[in-house]
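# A structural walkthrough
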Amino acid sequence: MTSSVPTPFASDAKRILVIKHGAFGDVIQAEGALRDIRENHPHAFIVVLTMPAYRAILARCPHVDETIVDERAPRWRIDRMLALKAKLRSFDFDMVYDLQNSKRTAFYFKWMLKDRRWSGTAKGCSHPHRAKDPKKIRTLDRLAGQLEDAGLTIRHTRKPDISWLAGDASGMLAKAGVTAPYIVLVPGCSARHPQKRWPHYAELAARLIAAGETIVTAPGPDEVDLARAIPGTCIEKTNWSELAGILKEARFVIGNDTGPSHLAAHMGVAGLALFGSHMPAERTGILTENFGAIEVDDLAALPVPRVFDEVERRLAAHSNSV
């Protein structure tokens, strides 16, 4: 039977590992948790273990000292697992915050760092997350609950702010001939989740342009053809910092349930996310004071006029509140 007594906070931890492999939206949402870990351990050396795609983001994070790349090799590759174990143990971590809580990270706990204090859902860890079914909890509440179970004081986890990632995009915008105000469309998403993709951005862009708006897309490498088919200006070959800079200066952002939409939401940008039945928007943590959502059973059947009218309503409301 699990004890209800909170586990003592590891206040003496000097070398801390945080695990957050991905995906992009989840890395963005973990920003507040990283800030709370830093505030609770102000003098500790904090390292993040992440996937190669997100090292550049976390390397800019002001709350961590170093990033380690995990290629997530197959676990039957004993040589790769032993190399990762040796690397992790060389840091001599005295506390681990597992924000990924996957089968892989449970394996890392059992076979690599079982003798270290560990916060997460891995069976037998010293600081267990006590939620009965964490995967059904809203992302930000799940992170906050885990850190609270580990004894941390929580101030930022439920309100991540990724504004520090945004670089100066003025030169890139000027080169593309874009002047403010402008609206950014995010028509893509992971190829593994086509059900998250609304197929009518070209028609929406045409209506917005006819209404006097400037439309910008900033696609990833796999979404260039999709973005080029949408009326407006397509800004290609952006890195994470440049993309964040473009989004941060936008008047409004409209996108699918995908990383750039979450990035915009957690920089305080006004916007609207389009959701099908794959996941309630509230559970993803994308909803903020300025960022809302339209949720429907069949995303492909969501009509353009409904989206256009909601965008116009929100733009008017936002203008009146400024």
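These remarks concern the structure in this document. Chains are numbered independently. Their residues run from 1 in the order of the written sequence. Where totals are concerned, whole chains, interfaces and linings use all residues; where local detail is concerned, this predicted model gives features only for residues with pLDDT of at least 70, and gives and counts side-chain atom pairs only at 80 or more. Side-chain measures were taken over the full set of non-hydrogen atoms in the model, leaving aside hydrogen atoms and water.

Each helix is a run of H or I in the DSSP string that is no shorter than four residues. Each strand is a run of E no shorter than two, and both are numbered from the N terminus. Tallying secondary structure elements over the protein gives 13 helices and twelve strands in all. Atoms considered for the radius of gyration are the C-alpha atoms alone. The globule rule reads 2.2 Å times the number of residues to the power 0.38. For 322 residues, the compact-globule estimate of 2.2 N^0.38 gives 20 Å, and the protein sits close to it at 21 Å. Exposure classes here rest on a 1.4 Å probe applied to the protein chains alone. A residue is buried below 20% of its type maximum, exposed above 50%, and partly exposed in between. By the burial criterion, 50% of the 322 residues in the protein qualify as buried. For the protein, the proportion of contacts with a sequence separation of at least 24, taken over those separated by at least 6, is 62%. We get accessible surface area from the Shrake-Rupley algorithm with a probe of 1.4 Å; when it comes to residues, only the shown protein chains can shield them. For the protein, the exposed surface amounts to about 15000 Å²; the carbon and sulfur share of it is 51%. Only four residue types enter the charge count: Lys and Arg as positive, Asp and Glu as negative, with His and the chain ends excluded. Throughout, a charge is located at the NZ atom of Lys, the CZ atom of Arg, the CG atom of Asp or the CD atom of Glu. Distance from the positive charge centre (43 side chains) to the negative charge centre (37 side chains) of the protein: 7 Å. Here, two residues are considered to be in contact whenever any of their heavy atoms come within 4.5 Å of each other.

Of note, the bond from Gly22 into Ala23 is cis; its omega dihedral lies within 30 degrees of zero at 0 degrees. Looking at the secondary structure, you find Ala23 in the loop between strand S1 (15-19) and helix H1 (24-29). With a phi angle near 55 degrees, Arg72 is a residue other than glycine that sits in the positive phi range. A residue is classified by how much of its surface remains accessible, and Arg72, at 38% relative accessible area, is partly exposed. In this structure, Lys237 takes a positive phi of about 60 degrees despite not being glycine. If you trace the backbone, Lys237 turns up in the loop between strand S9 (233-234) and helix H10 (240-248).

Note on placement: Thr139 falls in helix H6 (residues 139-149). On the accessibility criterion, Thr139 (11% relative accessible area) is buried.

In this section: the pattern of salt bridges. The term salt bridge refers to a pairing of a side-chain nitrogen on Lys or Arg with a carboxyl oxygen on Asp or Glu at a separation within 4 Å. For the coordinates displayed, the defined rule picks out 17 salt bridges. Of the charged contacts in the structure, one is a salt bridge between Asp12 and Arg117, with a shortest N-O distance of 2.8 Å. Linking Asp12 in the segment before S1 with Arg117 in the loop between helix H5 (103-111) and strand S5 (118-120), this pair joins segments that are 105 residues apart in sequence. With a shortest N-O distance of 2.8 Å, Arg314 and Glu310 are connected by a salt bridge. Of this pair, Arg314 and Glu310 both sit in helix H13 (residues 304-321), four residues apart, roughly one helical turn. The structure contains a network of salt bridges with shared partners spanning Arg138, Asp141, Glu148, Arg158 and Glu282.

In this section: the sheet that holds strand S12 (residues 291-295). Hydrogen bonds between backbone groups are what pair the strands of a sheet, and the pairing can be parallel or antiparallel. Read across the sheet, six strands follow the order S9-S8-S7-S10-S11-S12 without closing on themselves; strand pairing throughout is parallel. One side of each edge strand has no neighbouring strand; the edge strands of this open sheet are S9 and S12. Its contacts with the sheet place helix H8 (residues 201-210) against strand S7 (183-186), strand S8 (215-217), strand S10 (252-256) and strand S11 (271-275), and it is angled at close to 170 degrees to S7. Any two strands with at least two DSSP-identified bridges between them are counted as paired. Fitted lines through C-alpha atoms serve as axes, helices being fitted only where they are in contact, and the angles separating the N-to-C directions of these axes extend from 0 to 180 degrees.

Before going further, it helps to spend a moment on the packing of aromatic side chains. Classification of ring pairs rests on two measures: the distance between centres of Phe, Tyr or Trp rings, Trp counted by its six-membered ring, which must be within 6.5 Å, and the angle between planes, read as stacked under 30 degrees, edge-to-face over 60 and tilted in between. Scanning all chains against the criterion turns up seven aromatic pairs. Both rings, one in Phe24 and one in Trp240, keep their centres 4.3 Å apart while their planes meet at 15 degrees; by these two values the pair is stacked. Residue Phe24 is found in helix H1, and its partner Trp240 is found in helix H10; the two are separated by 216 residues along the sequence. Given the relative accessible area of 27%, Trp240 is considered partly exposed. On the basis of an interplanar angle of 5 degrees and a centroid distance of 5.2 Å, the ring pair of Phe91 and Phe93 is categorised as stacked. Here a set of aromatic residues connected by ring pairs shows up, and it is made of Phe24, Tyr54 and Trp240. As a reminder, the over-ring test applies to NZ of lysine and CZ of arginine, requiring each to be within 6 Å of the ring centre and within 35 degrees of the ring normal. Directly above the ring of Phe107 sits Arg75, whose terminal nitrogen or CZ lies 5.5 Å from the centroid. Stacked on the ring of Phe308, the Lys or Arg Arg207 has its end atom at 4.6 Å from the ring centre.

A separate point is the sheet that holds S1. Strands sit in the order S3-S2-S1-S4-S5-S6 across an open sheet of six strands; the sheet is parallel. Each end of this open sheet is capped by a strand with a single partner; those strands are strand S3 (66-69) and strand S6 (127-128). Note that strand S2 (residues 45-50) and S3 share four bridges and pair parallel. Its bridge partner lying in S3, Val48 is registered against Thr67. Of the strands in this sheet, S1, S2 and strand S4 (95-98) are in contact with helix H2 (residues 31-40), which crosses S2 at around 155 degrees.

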